[in-house]
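# Chains, contacts and geometry: an overview
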Amino acid sequence: MADPDEFNPMRLWREWLIKSEKMFSDGMTEVMGDERFSKGMGRYMQEMLHTHKMMTDSFAQYLTALNLPSRGDILDISDRIGQMEDALAQTQVELRQLRTQIASMGSDSVQKKPSRSKKPPQATQ
């Protein structure tokens, strides 16, 4: 009698999948190891970077024509706002320090106001 596992379709499919994956992996390793492939990929990447730069410049001109901010403009504004927030935080710290110094001085340094009377001030000798 035949082994019941011999005609299991899931096992046959799994074996086919493993063999196919190994053959594909071996083929791709061989192709990628070739010098011509790396040169071709390098040229392709240079072309894609050039295309990307051209598209970026074109969109920047288009947005300028529509009087809309570009990505660079938004990033510049973001940097400026960050600098203003930092300056404001520093000012708040200095203000807190000044308030603390004034409070620590207490009433010793506060000058007394002259009394409000109809008598002239007495001369001190």
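Read on for a plain summary of the structure. (Residues numbered from 1 in each chain as written. Predicted model: local features only at pLDDT ≥ 70, side-chain atom pairs only at ≥ 80, totals over all residues. Heavy atoms only, no water.)

### Considering the overall build of the chain
Tallying secondary structure elements over the chain gives 3 helices and 0 strands in all. Reading the helices (α) and strands (β) of the chain from amino to carboxyl end gives α-α-α. Within the chain, buried positions represent 1% of all 125 residues. For the chain, the exposed surface amounts to about 12,800 Å²; the carbon and sulfur share of it is 60%. (Helix = DSSP H or I, 4+ residues; strand = E, 2+ residues; numbered from the N terminus. Buried < 20%, exposed > 50% of the residue type's maximum accessible area, 1.4 Å probe, protein only. Areas by Shrake-Rupley, 256 points an atom, 1.4 Å probe, with all protein chains shown as cover.)

### Examining unusual backbone geometry
Located in the positive-phi region is Asn67, a residue other than glycine, with phi close to 60 degrees. Relative to the elements of secondary structure, Asn67 occurs in the loop between α2 (35-65) and α3 (71-105).

### Section: the pattern of salt bridges
What the rule picks out here adds up to 4 salt bridges. Between Lys53 and Asp57 there is a salt bridge, with the nearest N and O atoms lying 3.1 Å from each other. You can see Lys53 and its partner Asp57 sitting in helix α2, 4 residues apart, about one turn around the helix. You can call Asp57 partly exposed: its relative accessible area is 36%. (Salt bridge = Lys/Arg side-chain N within 4 Å of Asp/Glu carboxyl O.)

### Digging into helix α1 (residues 9-32)
The first and last C-alpha atoms of α1 sit 34 Å apart over 24 residues, in line with the 34 Å expected at 1.5 Å per residue. Here α1 starts with a cap whose side-chain oxygen sits 3.1 Å from the backbone nitrogen of Met10, and that cap is Asn8. (Expected span 1.5 Å × (residues − 1). Polar contact = N/O pair within 3.5 Å; in protein donor to acceptor, adjacent residues only side chain to side chain.)

### A look at a nonpolar patch on the surface
Among the surface-exposed residues, Phe24, Met28, Val31, Met32, Phe37, Met41, Tyr44, Met45 and Met48 lie close enough to one another that they form a single nonpolar patch of about 850 Å² accessible area. Elements that contribute at least two residues to the nonpolar patch include exactly α1 and α2. Among the elements that make up the nonpolar patch, the one with the highest residue count is α2 (5 residues). (Patch = residues over 30% accessible without salt bridge, like charges linked within 9 Å, V, L, I, M, F, W, Y side chains within 5 Å.)

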